[in-house]
Amino acid sequence: MNRFQRWIQARKAEDGGPVCAHLYDLDHLKTHTRAIVSSLPGRFRMYYAMKANSEPLILDTLVSVVHGFETASLGEVRKARTAGKTIPVIFGGPGKTDEEMEEAVRLGVERIHVESIQELRRVSWIAGRLGVHIPVLLRVNLKGPFPSATLHMAGRPTQFGIDEEEVPEAIRMARELEGVNLEGFHFHSLSNNLDVERHLRLLRLYMEKVAGWEKLFGVRSKVINVGGGIGIDFADPDASFDWERFLPGLSALERELPETVETIQFECGRYLTASCGGYAVEVLDLKQNHGKNYAVVRGGTHHFRLPASWQHSHPFEVVPVDRWDYPFPRKEWKDTAVTVVGQLCTPKDVLAREAAVSRLRIGDVLLFRYTGAYGWSISHHDFLSHPHPDQVYFRERSLQAEGGVQR
Ligand SMILES: *Cc1c(COP(=O)(O)O)cnc(C)c1O
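In this convention, every chain numbers its residues from 1, walking through the sequence in written order. Per-residue local features are limited, in this predicted model, to residues with pLDDT of at least 70; the limit for side-chain atom pairs, both in listing and counting, is 80 or more; totals at the level of whole chains, interfaces and linings are taken over all residues. Values reported for side chains reflect all heavy atoms of the structure, with hydrogen atoms and water molecules removed beforehand.

Taking an unreviewed UniProt entry as the reference, the protein is identified by name as Diaminopimelate decarboxylase belonging to Melghirimyces profundicolus.

Novice: Could you clarify how one ought to interpret the side chain of His302 in this entry?
Specialist: Looking at where His302 falls in the secondary structure, it is placed in the loop between β14 (292-297) and α11 (306-310). Under the scheme applied here, a residue whose accessible area is under 20% of the maximum for its type counts as buried, over 50% as exposed, and between as partly exposed, the area being computed with a 1.4 Å probe on protein chains only. Relative accessible area serves as the criterion here: at 0%, His302 is assigned to the buried category. In the analysis that follows, any N or O atom pair within 3.5 Å is treated as a polar contact, provided that within protein one partner can donate a hydrogen and the other can accept it, and provided that, for residues neighboring in sequence, both atoms belong to side chains. Within the structure, His302 has its side chain in polar contact with the side chain of His303 (distance 3.4 Å). A run of H or I in DSSP becomes a helix once it reaches four residues, and a run of E becomes a strand once it reaches two; helices and strands are each numbered from the N terminus.

Novice: What's the story with the environment of Cys276 in this structure? I'm lost.
Specialist: For Cys276, the location among the structural elements is in the loop between α10 (270-273) and β13 (277-289). As for Cys276 and Arg369, which are separated by 93 residues in sequence, their C-alpha atoms are 8.5 Å apart. Contacts are assigned to residue pairs with any non-hydrogen atoms lying within 4.5 Å of each other. Non-local contacts of Cys276, meaning those with residues more than four positions away in its chain, are made with Phe4, Leu23, Tyr24, Asp25, His28, Leu29 and Ile58.

Novice: Help me understand the environment of Val341 in this model?
Specialist: Examined against the element boundaries, Val341 turns out to sit in strand β16 (residues 332-341). Taking the relative accessible area as the measure of exposure, Val341 reaches 15% and is therefore buried. Residues Val341 and Gly300 lie 41 residues apart in sequence; the distance between their C-alpha atoms is 6.5 Å. Dropping the residues within four chain positions of it, Val341 is found in contact with Tyr294, Ala295, Val296, Val297, Asp349 and Val350.

Novice: Is there a simple way to explain the nonpolar core in this structure?
Specialist: Soluble globular proteins tend to bury their nonpolar side chains together. In these notes, a set of buried Ala, Val, Leu, Ile, Met, Phe, Trp, Tyr and Cys residues joined through side-chain atoms within 4.5 Å is what counts as a nonpolar core. Within the largest apolar cluster, 110 residues are counted, with the highest numbers of intra-cluster contacts made by Tyr48, Phe69, Trp243, Phe246 and Phe266. Each of domain 1 (3-24 + 275-406) and domain 2 (88-268) contributes no fewer than three residues to this core. If we skip the residues at most four places from it in the chain, Phe69 touches Tyr47, Tyr48, Met50, Leu59, Leu62, Val63, Ala80, Ala83, Ile87, Pro88, Val89 and Ile90. Those domain boundaries reflect an automatic or database domain assignment.

Novice: I'm lost on the environment of Cys268 in this one. Help?
Specialist: For Cys268, the position within the fold is in strand β12 (residues 263-268). Separated by 77 residues in sequence, Cys268 and Ser191 have C-alpha atoms that sit 9.7 Å apart. Ignoring sequence-local partners within four residues, the contact set of Cys268 consists of Met46, Tyr47, Tyr48, Ala49, Gly228 and Ile230.

Novice: I tried to follow the site of the ligand on my own but got confused; where do I start?
Specialist: Taken together, the neighbourhood of the ligand is formed by 14 residues, with Lys51, Gly229, Glu267, Arg270 and Tyr374 sitting nearest. Between an oxygen atom of the ligand and a main-chain N or O atom of Gly269, the distance comes to 3.0 Å. Per-class residue counts for the shell around the ligand are 3 nonpolar, 6 polar and 5 charged. Residue proximity to a molecule or strand is established when one non-hydrogen atom of the residue lies within 4 Å of it. By the convention adopted, Pro, Cys, Tyr, Trp, Phe, Met, Ile, Leu, Val and Ala count as nonpolar, Lys, Arg, Asp and Glu as charged, and the other residues, Gly among them, as polar.

Novice: Sorry, what's going on with helix α6 (residues 117-130) here?
Specialist: In an α-helix, one full turn covers 3.6 residues, which means residues spaced three or four apart are oriented alike. In this analysis, the expected span of each helix is defined as 1.5 Å times one less than the number of residues it contains. When the terminal C-alpha atoms of α6 are compared, their 20 Å separation across 14 residues agrees well with the 20 Å that a helix rising 1.5 Å per residue should span. Among the residues making up α6, those that are buried are Ile117, Glu119, Leu120, Val123, Ser124, Ile126 and Ala127. Looking at the packing, one finds that the buried side of α6 touches α5 (98-106), β5 (111-114), β6 (134-141), α7 (167-176) and β9 (180-186). Near the N-terminus of α6, the side chain that reaches the backbone nitrogen of Gln118, with its oxygen 3.4 Å away, is that of Ser116. Following α6 by one or two positions, Gly131 has its phi on the positive side, about 70°.

Novice: In this structure, what is going on with the domain arrangement of the protein? I would like to understand it.
Specialist: How large an interface is tends to be reported as the accessible area lost when its parts come together. Segmentation of the protein into domains returns domain 1 (3-24 + 275-406) and domain 2 (88-268). Look at where the C-alpha atoms of domain 1 and domain 2 centre, and you get two points 38 Å apart. In this complex, domain 1 contributes 7 residues to the contact, which on the side of domain 2 involves 8 residues. When two parts are brought into contact, each loses some accessible area as probed by a 1.4 Å sphere; the total of that loss over both is the buried area. Three residues, Trp310, Pro315 and Tyr370, lead the burial of domain 1 against domain 2; their summed loss comes to 71% of the area buried on that side. By salt bridge we mean one thing: a side-chain nitrogen of Lys or Arg within 4 Å of a carboxyl oxygen of Asp or Glu. Counting the contacts that link domain 1 with domain 2 gives 1 salt bridge. A salt bridge links Asp238 to Arg369; the nearest nitrogen and oxygen atoms lie 3.3 Å apart. Among the residues making up the side of domain 1 that touches domain 2, the classes are represented as 4 nonpolar, 2 polar and 1 charged.

Novice: Explanation requested: the pairing of β12 in the structure shown.
Specialist: Counted residue by residue, β12 has 6 buried out of 6 residues, so it is predominantly covered. The alternating pattern of β12 places Thr263, Gln265 and Glu267 and Ile264, Phe266 and Cys268 on opposite faces, both of which are buried. Two elements, strand β2 (residues 44-49) and β12, share 5 bridges in a ladder whose sense is parallel. Bridge pairing in β12 links Met46 to Phe266. Judged from the 3 bridges that link them, strand β11 (residues 223-225) and β12 form a sheet pairing that is parallel. Its bridge partner being in β12, Ile224 is matched across the sheet by Ile264. Looking down the strands as they point away from the viewer, one classifies a crossover as right-handed if the path from the first strand across the helix to the second runs clockwise. Where the polypeptide runs from β11 across helix α9 (residues 243-256) and back to β12, its parallel neighbour, the crossover connection is right-handed. A pair of strands is treated as paired once DSSP finds two or more bridges between them.

Novice: Mind showing me how you'd approach unusual backbone geometry here?
Specialist: Residues apart from glycine generally show negative phi values, whereas peptide bonds are mostly found in trans. One non-glycine residue, Tyr374, lies in the positive phi region at around 50°. The phi torsion at Leu384 lies on the positive side, around 75°, for a residue other than glycine. Along the chain, Leu384 turns up in the loop between β18 (365-369) and β19 (390-394).

Dropping the structure here:
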């Protein structure tokens, strides 16, 4: 039995009320991330894209294992600074206000990722007002097409980055404007890519583009940021992106880069934090409707919106709970397929569709896996005003022997 299953059993033994909790294994998070970071070849760096999960204990755990935090709002910059006074912080994202940029500079962000030519002008203007030089990367939306993945931010029209056609103009301007230090380029073109070869081809394309601009315009890239987007296969999460196979490709790529490139940065979210999380929800009802089986759970997409947002069926396991406090028989299904839904009054409140279960009873708990990224943070918590789930953190030297730190 793993930590989460033990916690569910202990919780049901002491309290009959329905289970509904986000669970996080901080030891796993640290071990997993440290293994990834320490495997990176020489000039590669791993930043954590904190929008995937910016809960304070997640950041406290990661602050000592990643090279820095990637932020996309002033709120995130502040969270990064709370987690670590000196950790490198990079600041990107569309629609940055003057106030956000000024305060981010005061809080010591190491670089701003510029999303448009107009924003570049504002960075220069802010640098003048503050009397500083601001290091920047230009975020580029390449022409594409790109390898397939779940979400595309570039290679097609989106609000992200500077159009590849405008790059010459942006470079010229970056060099002319006072207070702006152009240090390189930023690309984040897709999300949830599962294929190692495709990802390597994508990185190679970035390097070729940068080399081309260097040659044409005489710029030097000290930093190339290759974004995040390394994925989790929710149909078979344990067989996701093959990191071990990715590494030799990265080494080869690095060997081809000129000495002038000091660092190649990743800014991964999902790949670092997804696997540390579990969402545990108790089955409140089993019902049939128009020939389909539904398990209604305590909780739903207002706590865990990812499957609704990505239109996938999220993997879970059944944790059998023997406690049954009612004086009437317990409903049970065997060897069937169930659609798991939450408590919201909308047909979109679906966590998994037609999932096979060998045995499922009212009162059992479903443990959704890989919920540590884009789970709680992207959910509309207060829709319908149900209570929030427990947030439970597990780490070795916690106060309770196995229970973890509850918040
Ligand atoms: C969301 C985002 C990331 C992280 O994406 P993942 O798919 O979670 O790795 C990195 N960079 C930028 C600019 C982003 O918007």
